[in-house]
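# Examining the three-dimensional arrangement
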Amino acid sequence: MGNLAIISDLHVDINQFSEQEWLILWKVLTDKGITRLHLAGDVANKVDLCQAVVEFFAKKGIPTTFNFGNHELADVEGEEMMNHFPDSHFLNERYLALNKQTVLLGMNGWYDYQFSELKENKQILRMKNLYWYDRFIKREGSDIEVNARVLIAMKKLLDQLEAKKLDVILTTHFVPKKDFIVYQNAPYERWNNLNAFLGSASFGQLLDQYDNIKQVVFGHTHRRFEDKLIHGTRYSCRPFGYYYEWQLTREFVRENHLIDSYHPMKLRTLLRKHDPEFNRYRNEHLYEEFAKAMTTISY
């Protein structure tokens, strides 16, 4: 028996993490009795930093794997490198045995625009090139074509695992179900159009065809949700996210009466003004934040 932890969206560079913060996360993992760790994308903007984080936990004695999120993909050139990155810890379009009955299957994932309220692909692509980080990613073919290739690779692997009568824990970066997409009201409706880049409804529809998929864990939303049971499969989404989105940050600004209404995107300037106090508060509560932002699975 063992315990798997899956964490997405650490963003160690944007969150300005160093080994000090990694040690706090390691303490959480050891306290929880974690025997294997998987990082489900957006560990860092640069692949070498992502690899450094993976190596840190591996050298601490926790077998660690990872798949890419959109932030790492901007630092990788060529589909072959994106899909089959030459690192023994990289888990994309392949699986590893957790025990005799269960495997961990890793997929980077992609998106198919179906979660957007915009229906014209040209308009969606224009939004991407204006506002979205993924404009820096150089893929071969359109987003719809990339997603189609992901589905082909996924179906091949799932057919193999079904034939072997193995249970699957699937980890990916992008959202596979509309149940985890938030649609905003005025004055933030434009964010509903950017939902195009959060995930793939067709990916989720493919998963519905397999009874041996026990759990699917993903991130990318920067919003945490309660687990949902869909077609017999448990879906888990609790990404770590940026420092101005954390629960501890929300509590810091409210406890200190720094704002009247809570808007995470407007907090960066405010937090800089209170940097010493926020850093002290962050260091005191980061353990709890890490603990809330991971999915643990016994195997």
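Residues numbered from 1 in each chain as written. Predicted model: local features only at pLDDT ≥ 70, side-chain atom pairs only at ≥ 80, totals over all residues. Heavy atoms only, no water.

Under an unreviewed UniProt entry, the protein has the name Calcineurin-like phosphoesterase and belongs to Enterococcus hirae.

### Observations concerning the pairing of strand 2 (residues 36-40)
For clarity, the cut-off: Relative accessibility under 20% of the residue-type maximum defines a buried residue, over 50% an exposed one, and the middle range a partly exposed one, all with a 1.4 Å probe and only protein chains included. The helix count covers DSSP runs of H or I at least four residues long, the strand count covers runs of E at least two residues long, and both are numbered beginning at the N terminus. Pairing between strands requires that DSSP locate at least two bridges from one strand to the other.
Taken across its five residues, strand 2 has five buried, putting it largely inside the fold. Of the two faces of strand 2, the one lined by Arg36, His38 and Ala40 and the one lined by Leu37 and Leu39 are each fully buried. Relative to strand 2, strand 1 (residues 3-7) runs parallel, the two sharing four bridges. Opposite Ala5, over in strand 2, you have Leu37 as the bridge partner.

### Observations concerning unusual backbone geometry
In this structure, Pro187 follows Ala186 across a cis peptide bond, with omega equal to 5°. Inspection of the secondary structure assignment puts Pro187 in the loop between strand 6 (167-172) and helix 7 (190-194). Even without glycine at this site, Asp42 takes up a positive phi of about 55°. What makes Asp42 buried here is its relative accessible area of 1%.

### What to know about the pattern of salt bridges
Using the following cut-off: The working definition used for a salt bridge is a side-chain nitrogen of Lys or Arg within 4 Å of a carboxyl oxygen of Asp or Glu.
Summed over all chains, the structure comprises 11 salt bridges. Between Glu79 and Arg139 there is a salt bridge, with the nearest N and O atoms lying 2.7 Å from each other. With Glu79 in helix 4 (residues 79-83) and Arg139 in the loop between helix 5 (121-131) and helix 6 (143-163), this pair connects stretches of sequence that are 60 residues apart. Note on accessibility: Glu79 and Arg139 belong to one class, buried. Linking Asp227 and Arg234 is a salt bridge whose minimum nitrogen-to-oxygen distance equals 3.7 Å. Salt bridges here are not isolated pairs; linked through shared partners, they connect Glu79, Arg139 and Arg149.

### Observations concerning the side chain of Arg238
Short version of the rule: Any pair of N or O atoms that falls within 3.5 Å is considered a polar contact. Within protein, one atom must be able to donate a hydrogen and the other to accept it, and sequence-neighbouring residues count only if both atoms are side-chain atoms. Between two residues, a contact is recorded if the distance between any of their heavy atoms is within 4.5 Å.
Note that Arg238 resides in the loop between strand 9 (233-237) and helix 9 (247-255). When its relative accessible area of 19% is taken as the criterion, Arg238 is described as buried. Polar contacts involving the side chain of Arg238 include one to the side chain of Asp227, which spans 2.8 Å. Among the polar contacts made by the side chain of Arg238, one reaches the side chain of Thr295 at a distance of 2.8 Å. Sequence-distant contacts of Arg238, defined by excluding residues within four places in its chain, comprise Phe218, Arg224, Phe225, Asp227, Lys292, Ala293, Met294 and Thr295.

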